Amino acid sequence: MRNLLAGTRLSGDRVLQSTGLPMDVRLMRLTATALLLVFATVLLCSAGNWVLRHPAFVLRAITVQGDVTHNNALTLRANTAPRLTGNFLTLDLAQARSAFEAVPWVRHAVVRREFPNRLRVVLQEHQPEALWGTESEPRLVNSLGEVFEANVGDLEQADLPRLSGPDGQSALVLAMYRELLGVLQPLDMAVEQLHLSGRGGWRAVLDSGAALELGRGTPQEVVARTQRFVATLTQVASRYGRRVNTLEFADLRHNDGYALRLRGVSTLAQDSTKK
């Protein structure tokens, strides 16, 4: 038989009729699926809000460990509480860390959650090694050469040196200060002030009150000039019946030697290699 019905095909002795669901049935199924998804979404949101607002997740305590020499519970609470928003689950840990690191003397903070409603904070404080800038500036340099602001009145050490220089050069100035301490040790003198000018010139004031113009150059060149000065100062001072503690001023910027002023004496001393 050649007249076949549309939508049918022969397979052996069987005739398969292609059929489909009515449009209204398919629409009803799609509508039911969509409503089910909406209901599930609303249910999940409601459950999430219930969990977020549950009293069990309200922050109950913050445990602080580490360096707390310059801060106590009252100062930490006053400085951080306004910036800690949310509960145990919603608190932004990065924001909390920034809040603690904004507290004076705090260099670094690590903030962790402790289930179900506590925070643990580990603080690292700045270790001051020198004052920085002018006397009116409440800035210090830590042991890593970083400048930070703090209440200078909280310092336990009353004899910190004062360093100064261009912005971003605090680590270099601190490194030079440490070098000069070792170089001047044979004279039983220490650096009280050290300044690096914008043009790269170094100037030091010793604890004896003497001023040293160290000149420009690489740190190695400046240290080498200072070493030659230290090696010959005792000999030069003795020529005039003076001791090294009578030194008032020395200019090390000369290529072949240095100029100095002893208390009551002024002279020009050649480098030891020239004498």
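This one's a predicted model, so the numbers in the text were calculated from it and none came from an experiment. (Residues numbered from 1 in each chain as written. Predicted model: local features only at pLDDT ≥ 70, side-chain atom pairs only at ≥ 80, totals over all residues. Heavy atoms only, no water.)

1. Remarks on the overall build of the protein
In step 1: Broken down by element type, the protein carries five helices and 15 strands.
In step 2: Classification of the 275 residues of the protein by burial places 32% in the buried group.
In step 3: Within the protein, residue pairs in contact and separated by at least 24 positions form 45% of the contacts whose partners lie at least 6 positions apart.
In step 4: A total accessible area of about 17300 Å² is found for the protein, and carbon and sulfur atoms account for 54% of it. (Helix = DSSP H or I, 4+ residues; strand = E, 2+ residues; numbered from the N terminus. Buried < 20%, exposed > 50% of the residue type's maximum accessible area, 1.4 Å probe, protein only. Contact = heavy atoms within 4.5 Å. Areas by Shrake-Rupley, 256 points an atom, 1.4 Å probe, with all protein chains shown as cover.)

2. Some words on the pattern of salt bridges
In step 1: Using the criterion set out here, one finds eight salt bridges in the structure.
In step 2: Measuring nitrogen to oxygen at the nearest pair gives 2.8 Å for the salt bridge that ties Arg253 to Asp251.
In step 3: Overlapping salt bridges bring together Glu248, Arg261 and Arg263 as one network. (Salt bridge = Lys/Arg side-chain N within 4 Å of Asp/Glu carboxyl O.)

3. Some remarks on the side chain of Ser164
In step 1: In this fold, Ser164 is placed in strand E9 (residues 162-164).
In step 2: A relative accessible area of 18% means that Ser164 is categorised as buried.
In step 3: A polar atom in the side chain of Ser164 sits 2.7 Å from the side chain of His195.
In step 4: Those residues within four positions of Ser164 in sequence are excluded, and the remaining contacts are Trp132, Gly133, Val173, Leu194, His195 and Leu196. (Polar contact = N/O pair within 3.5 Å; in protein donor to acceptor, adjacent residues only side chain to side chain.)

4. With respect to the sheet that holds strand E5 (residues 118-125)
In step 1: One open sheet accounts for three strands, arranged E3-E5-E4; its pairing is mixed. Among the strands making up the open sheet, the edge pair consists of strand E3 (61-66) and strand E4 (106-114). Geometrically, the sheet is characterised by an average inter-axis angle of 20° between neighbouring strands, direction not taken into account.
In step 2: Here six bridges tie E3 to E5, and the two strands are oriented parallel to one another. Following the sheet pairing, Gln65 is matched in E5 by Val122.
In step 3: Along the sheet, helix H3 (residues 93-101) contacts E3, E4 and E5; its crossing angle with E4, the most-contacted strand, is approximately 145°. (Pairing = 2+ DSSP bridges. Axes fitted to C-alpha atoms, helices over the stretch in contact; angles between N-to-C directions.)

5. Notes on helix H4 (residues 170-184)
In step 1: Relative to the 21 Å expected for 15 residues at 1.5 Å per residue, H4 spans 21 Å between its end C-alpha atoms, a close match to the ideal helical length.
In step 2: Those residues of H4 not exposed but buried are Ser170, Val173, Leu174, Met176, Tyr177, Leu180, Val183 and Leu184. (Expected span 1.5 Å × (residues − 1).)

6. Focus: the pairing of strand E6 (residues 128-132)
In step 1: Counting buried positions along E6 gives four out of five residues, so the element sits mostly inside the fold.
In step 2: Strand direction decides the pairing type here: E6 and strand E7 (residues 139-142), joined by four bridges, are antiparallel. Paired with Pro128 across the bridge in E7 is Asn142.
In step 3: Between the end of E6 and the start of E7, which pair antiparallel, lie six residues, with Gly133 showing a positive phi angle near 90°.
In step 4: Note: E6 against E9, two bridges, orientation parallel. Residue pairing in the sheet places Trp132 in a bridge with Leu163 of E9.

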